[in-house]
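Each chain, written out:
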Amino acid sequence: FLFDLLRVVMSGRRVLVAVKRAIDYKVQIRVNKDCTGVEDAKMSMNPFDEIAVEEGVKMKENKQADEVVVVSIGPKKCSETIRTALAMGADRGIHVEIDQNLFPLDVAKVLQKVVEKESPQLCLLGKQAIDNDCNQTGQMLAGLMNWPQGTFASKLDFDGEKTVQVTREVDGGLETVELTLPSVITCDLRLNKPRYTALPQIMKAKKKPIDTITPEDLGVSISPRLKVVSVNPPPKREGGGKVADVDELISKLESHGLA
Amino acid sequence: GLKVRVAQATGAERRSGKELTKVGSSGGEMWSRTLLKSLRGARQSSQQSGERSLGTLCIVEAKDGAGGLDSASKATLACAQKHLPKPFVALVASDAKGASEEAAGEIASLAGVETVLHGVSDKEGANGLLAEPLSQVVAALVGKLEPTHVVTGSNTFGKNLLPRVAALLDSAPITDVVQVVDESTFVRPIYAGNALSTVKFVGKGPLLLSVRTTAFGSEALETAQGAGAEVASVGAEEVAAGAAAEALSEWVGEEKSESERPQLDAARVVVSGGRALKSKENFEMLEKLADQLGGALGASRAAVDAGMCSNDLQVGQTGKVVAPELYLAIGISGAIQHLAGMKDSKTIVAINKDPEAPIFKVADYGLVGDLFKIIPELAEKLPSQK
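Residues numbered from 1 in each chain as written. Chains lettered and ligands numbered in written order. Predicted model: local features only at pLDDT ≥ 70, side-chain atom pairs only at ≥ 80, totals over all residues. Heavy atoms only, no water.

Caption draft 1: Seen up close, the confidence of the model for chain B. All names here are of chain B. Predicted confidence across chain B gives a mean pLDDT of 87, with 85% of residues reaching 70 or more. Segment residues 1–34: pLDDT under 50, and 47 contacts once partners within four positions in sequence are set aside and those in other chains are kept. Low pLDDT, under 50, characterises residues 40–51; the predicted model gives this stretch 14 contacts beyond four residues in sequence or across chains. Prediction confidence for the complex, expressed as pTM and ipTM, is 0.90 and 0.95 respectively. (pLDDT = per-residue confidence, 0-100. Contact = heavy atoms within 4.5 Å.)

Here it is, written out as structure tokens:
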């Protein structure tokens with residue numbers, strides 16, 4: 001308890017970044033034989049979460065944050081993902097260990113408890129996980145905390161002490177909102193370009209602390225409200241047709257009534 | 001699945017309601033009390049048999065200058081009409097009174113609608129569309145009306161709003177639905193659309209879902225026989241719930257593209273450019289082609305990242321998902337993430353210098369060659385402006 005109290009008192013500006021371990025974005029996934037999911041493949045940090053980590057580390061470098069804490073929820077190997085974030089420049093990690101696959105509501109509830117424990121001034125999440133493509137967790141965390149949310153962020157401006165201006169990528173173009181702090185930000189593609197981690201940083205990261213806990217330790221009982229009935233491949237698209245030149249292309253378009 | 005019995009307010013209740021449709025805060029409050037009384041009355045009688053009377057709450061966005069309902073709103077209403085329990089109440093969120101009244105009028109003429117509510121916030125402008133206050137209004141409305149389903153579009157408005165509402169209601173939403181199997185089972189794409197997940201809602205309370213425009217947008221909306229639905233103001237209590245959250249955020253400004261061309265997510269033809277175009281000036285070459293084909297402009301992530309065009313043109317897993325009659329992919333390699341946004345197009349044409357480009361695997365007509373020669377030739381030979 002005293003350590004937690006000290007931590008809060010000395011927190012300065014703390015940024016909490018949530019990262020997910022997901023199938024690498026370059027992988028061509030395949031649905032498994034019993035249609036319950038996809039075949040195992042190479043795992044990496046969710047690309048949007050890399051952007052979130054990068055933003056937190058940049059904030060520290062720009063003296064806009066004093067500490068970057070990384071949290072990940074999942075099986076043992078999530079600690080590798082946390083280690084990557086530490087190599088990028090995060091200060092310490094929290095691994096909430098659970099083997100079960102969680103839906104965003106349960107993830108948000110776990111994160112809520114971590115937020116209550118760590119008292120960050122800002123939560124950075126990736127816009128969406130490229131495995132389930134939900135794009136829900138950040139918004140749900142913000143709702144549970146009754147904090148403002150800046151989703152699909154392409155630019156953050158911390159000019160004010162107590163507010164942040166967030167430029168968001170929306171359907172019509174760009175929109176800027178001003179949020180009071182603390183708030184939840186979900187990071188979009190163009191917010192920044194995540195750094196590569198060089199060997200010295202990777203070595204340094206091995207010494208940074210990772211605290212491993214369970215959802216029960218946080219007082220969260222997982223209660224899934226959704227059940228995956230089946231996972232199936234999409235209808236196959238036949239492609240590979242070729243035309244020799246522009247004239248042939250135009251005649252094909254005309255035959256479809258498109259030109 | 002859930003059994004829902006539709007209860008209709010009596011003729012007398014509707015008539016008394018009709019006299020109070022003029023919007024004004026006290027009039028609105030009185031009207032919403034009348035509406036609630038009639039729905040509660042219906043609900044009480046159905047509660048005796050343990051069933052809810054209101055089917056679905058639809059949330060639609062009406063933007064100033066949009067000229068009527070946008071494609072995401074139409075898809076939301078079409079899904080509610082064809083697949084979700086009736087009757088439904090529509091809530092119109094807007095940044096301008098005129099736009100919200102216009103949209104409300106349009107929705108009121110649809111079949112299956114019981115009431116259209118608007119006037120979510122007393123705040124002017126785009127602050128009325130912020131998720132922090134709006135989610136509180138929706139949550140309060142759900143508490144009052146007790147729908148079995150809440151549905152909105154899977155565009156940036158719905159993506160920003162619905163999960164927050166779900167968290168307030170302690171519910172797990174099902175987003176980006178492409179197919180309704182039954183009232184508690186839905187199909188949604190995962191892994192950039194390379195797999196389809198069939199998900200069943202096994203929780204209690206309302207089922208919140210968002211629908212992909214391309215999956216429901218083409219279904220025509222059915223108009224009501226006879227008199228239209230009531231149009232009314234959101235009740236004072238719900239407005240107050242929203243107002244309590246107004247201190248959290250503020251709309252500052254926007255940068256929106258203005259164009260005479262069709263909207264990307266509803267266009268019949270999309271002319272889309274990628275990295276190989278190299279510059280903004282070259283990208284503008286596609287504008288003439290788009291106009292000749294009567295289409296919208298689209299882009300790959302690489303083109304947007306390189307500053308060739310604005311972000312609202314991006315087609316892909318995390319950008320817009322489109323399914324036009326014709327998708328012309330020009331100088332686009334066809335990465336997994338881009339295909340996710342256009343592989344349901346009816347006809348795909350690809351123009352690329354690299355014969356191994358993955359885009360050719362999904363293209364109906366692929367033309368291998370230099371786009372800087374092909375595009376001008378195409379523009380010259382195509383019949384002029386549609």
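Caption draft 2: Quick look at the pattern of salt bridges. Counting across every chain of the model gives 34 salt bridges over all chains. For the salt bridge of Asp188(A) with Lys127(A), the shortest nitrogen-to-oxygen distance reads 3.2 Å. Taken together, the positions of Asp188(A) in the loop between strand 10 (183–187) and helix 6 (199–205) and Lys127(A) in the loop between strand 6 (122–126) and helix 5 (137–145) put the pair 61 residues apart, joining distant regions of the chain. As far as burial versus exposure is concerned, Asp188(A) and Lys127(A) are alike and both buried. A salt bridge links Arg190(A) to Asp305(B); the shortest N-O distance between them is 2.7 Å. Here Arg190(A) is found in the loop between strand 10 and helix 6, whereas its partner Asp305(B) is found in helix 10 (residues 301–305) on a different chain. On the accessibility criterion, Asp305(B) (38% relative accessible area) is partly exposed. (Salt bridge = Lys/Arg side-chain N within 4 Å of Asp/Glu carboxyl O. Helix = DSSP H or I, 4+ residues; strand = E, 2+ residues; numbered from the N terminus. Buried < 20%, exposed > 50% of the residue type's maximum accessible area, 1.4 Å probe, protein only.)

Caption draft 3: Molecular detail of the sheet that holds strand 5 (residues 92–97) of chain A. Strand order in this open sheet of ten strands is 11(A)-5(A)-4(A)-1(A)-6(A)-10(A)-7(A)-8(A)-9(A)-11(B), and the pairing throughout is mixed. Strands at the two margins of the open sheet, each flanked by one partner only, are strand 11 (210–213) of chain A together with strand 11 (249–256) of chain B. Going from strand to strand, the sheet's axes swing by 35° on average, the running direction of each strand aside. Sitting on the sheet, helix 5 of chain A touches strand 6, strand 7 (149–157) and strand 10 of chain A, and the angle it makes with strand 10 of chain A is about 175°. (Pairing = 2+ DSSP bridges. Axes fitted to C-alpha atoms, helices over the stretch in contact; angles between N-to-C directions.)

Caption draft 4: Inspection of unusual backbone geometry at higher detail. A cis amide bond, omega 0°, links Leu181(A) with the succeeding residue Pro182(A). With respect to the helices and strands, the residue Pro182(A) is situated in the loop between strand 9 (173–180) and strand 10. In this structure, Pro87(B) follows Lys86(B) across a cis peptide bond, with omega equal to 5°. Even without glycine at this site, Asp176(B) takes up a positive phi of about 65°. Following the sequence through the fold, Asp176(B) ends up in strand 5 (residues 174–177). Classification of Asp176(B) as buried rests on a relative accessible area of 12%. Positive phi values are uncommon outside glycine, yet Ala192(B) reaches one of about 55°. With respect to the helices and strands, Ala192(B) occurs in the loop between strand 7 (185–190) and strand 8 (195–201). Under the relative-accessibility criterion, Ala192(B) is labelled buried at 6%.

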